[in-house]
Amino acid sequence: MRIDVLTLFPELFDTFAGTSIVGRAVSAGSVEITCTNPRDFAQDNHRSVDDRPFGGGPGMVLSCGPIFEAVEHVRSGREVAPTLIMLTPQGERFDQQLARELSGESDLALLCGHYEGFDERIRLGLNPREVSIGDYVLSGGETAAFVLIDAIVRLLPGVLGDPESALDESFSHGLLEYPQYTRPRDFRGMAVPDILLSGDHAKMEAWRREQARERTQLRRPDLLKEDDEAGASGE
Ligand code: ADE
């Protein structure tokens, strides 16, 4: 997969793209992450990328020129046009299902905003898919892009050591993950449940399923409701 990030702060991605699972995926060639800075496409001596809003109001608005040119630069000479995603609190909500869908794409371009927002003609002219990571306002799309990249890259074939581990995680079956334990068997009086030491794989599997369901019921009953609705509609 190739991911282009359009950002005014490319330095933020240096450590991120070189660390942990994303870093490993980059080293292994499973994903290539390239940053393009719209400021490099600014059209004035001050390298401006934003301006005051028509009609007045607080803050600055990202201008069309540098963003259009940066997107056109990323699109040029490509066999596959990247799917353009704008990070914005106004977008559709990012979740595991959308991560799974986007992990099937070969080319993504993530457009990070900053300041008060985008000139509306960026939406109208570039027609991006708009994605939000939650109902709160970030200072910029970069942290949201981290979230998308992390959730997507770990789903790419071969990125997680054990192919089972992505399947087992929270949300992958519409449930939260069951509790996990490692050594020691007893830590400060808190013992590992006996069943996990029993060696009976069928029983352990049943226990985990039950725990996942109970935990989801307790913490996120909305997920079970979605599950039931999906079941009822034959999905
Ligand atoms: N940019 C600012 N806030 C955001 C959010 N909640 N999700 C995605 N991009 C954003």
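Everything in this summary refers to the structure shown in the same document.

The rules behind these values
What you see as residue numbers is a count from 1 along each chain, following the sequence as written. Residue-level local features of this predicted model are given only where pLDDT is at least 70; pairs of side-chain atoms are given and counted only at 80 or more, and the full residue set underlies all totals for whole chains, interfaces and linings. With hydrogens and water stripped out, all remaining heavy atoms of the structure feed into the side-chain values. Paired strands, as defined in this entry, are two strands with at least two bridges between them according to DSSP. Put simply, DSSP H or I for four residues or longer makes a helix, DSSP E for two residues or longer makes a strand, and each gets a number counted from the N terminus. A fitted line through C-alpha atoms serves as each axis, taken over the contacting stretch for helices, and the angle formed by two N-to-C directions is quoted from 0 to 180°. For each residue, the test is whether any non-hydrogen atom lies within 4 Å of the molecule or strand; if one does, the residue is near. Here a polar contact means two N or O atoms within 3.5 Å. Within protein one must be a hydrogen donor candidate and the other an acceptor candidate, and residues neighboring in sequence count only if both atoms are side-chain atoms. Calculation of accessible area relied on Shrake-Rupley with a 1.4 Å probe; when residues are assessed, cover is drawn exclusively from the protein chains displayed. A cavity here means a set of 1 Å grid points, computed over protein atoms only, where a 1.4 Å probe fits but cannot escape. A pocket is an open set with protein on both sides within 12 Å along at least 5 of 7 lines, and lining residues have an atom within 4 Å of a point. Throughout, a molecule is located in a cavity or pocket provided that more than half of its atoms lie within 2 Å of its grid points. Grid points are joined across faces, edges and corners, and a volume is the space filled by probe spheres set on the points. Residues are grouped as follows: Ala, Val, Leu, Ile, Met, Phe, Trp, Tyr, Cys and Pro are nonpolar; Asp, Glu, Lys and Arg are charged; every other residue, Gly included, is polar. We define a salt bridge as a contact between a side-chain nitrogen of Lys or Arg and a carboxyl oxygen of Asp or Glu at a distance within 4 Å. The rule is simple: take the accessible area with a 1.4 Å probe, protein chains only, and divide by the maximum for that residue type; under 20% is buried, over 50% is exposed, in between is partly exposed.

So, the sheet that holds strand β6 (residues 107–112)
Now for step 1: Across the sheet, which stays open at both edges, the five strands sit in the order β2-β1-β6-β5-β7 with parallel pairing between neighbours. Every other strand in the sheet has two partners, leaving β2 (32–36) and β7 (129–132) as the edge strands with one partner each. Across this sheet, the average inter-strand angle for adjacent strands is 30°, counted without regard to direction.
Now for step 2: Across five bridges, strand β1 (residues 2–6) lies against β2 in parallel orientation. When the sheet's bridge partners are listed, arginine 2 is paired in β2 with glutamate 32.

A closer look at the site of the ligand
Now for step 1: Close to the ligand lie Leu87, Thr88, Pro89, Val131, Ser132, Ile133, Gly134, Tyr136, Val137, Leu138 and Ala144, which account for all nearby residues.
Now for step 2: One of the backbone nitrogen or oxygen atoms of isoleucine 133 is found 3.0 Å away from a nitrogen atom of the ligand.
Now for step 3: Residue glycine 134 places a main-chain N or O atom 3.1 Å away from a nitrogen atom belonging to the ligand.
Now for step 4: Surface burial for the ligand is 96%, taken as the share of its 260 Å² of free accessible area covered by protein chains.
Now for step 5: In a pocket analysis with a 2 Å cut-off to the grid points, the ligand is assigned to the second largest pocket.
Now for step 6: Listing elements by their share of the shell around the ligand, those giving two or more residues are β5 (83–93) and β7.
Now for step 7: Element by element, the count of residues in the shell around the ligand is highest for β5, at three residues.

What about empty space enclosed by the protein?
Now for step 1: Summed over all chains, the structure comprises one cavity of 30 Å³ or more.
Now for step 2: There is about 40 Å³ of room inside the largest cavity.
Now for step 3: Leu6, Val71, Val74, Arg75, Pro82, Leu84 and Ala109 are the residues that line the largest cavity.
Now for step 4: A breakdown of the residues in the lining of the largest cavity according to their chemical character gives six nonpolar, no polar and one charged.

Structural notes on the pattern of salt bridges
Now for step 1: Scanning the entire structure with this criterion turns up 13 salt bridges.
Now for step 2: Residues arginine 47 and aspartate 40 are paired through a salt bridge, measuring 2.7 Å at the closest nitrogen-oxygen approach.
Now for step 3: Residue classification places arginine 47 among the partly exposed positions, given a relative accessible area of 38%.
Now for step 4: Judged by relative accessible area, aspartate 40 falls into the exposed class, the value being 53%.
Now for step 5: Here the salt bridges do not stand alone but share partners, grouping Arg2, Asp4, Arg78 and Asp107 into one network.

Digging into unusual backbone geometry
Now for step 1: For the bond from arginine 183 to proline 184, the omega torsion is 5°, close enough to zero to count as cis.
Now for step 2: Looking at the element boundaries, proline 184 is found in the loop between α7 (163–168) and β8 (186–187).
Now for step 3: One non-glycine residue, arginine 47, adopts positive backbone phi at about 55°.
Now for step 4: Of note, arginine 47 is situated in the loop between β2 and β3 (50–51).

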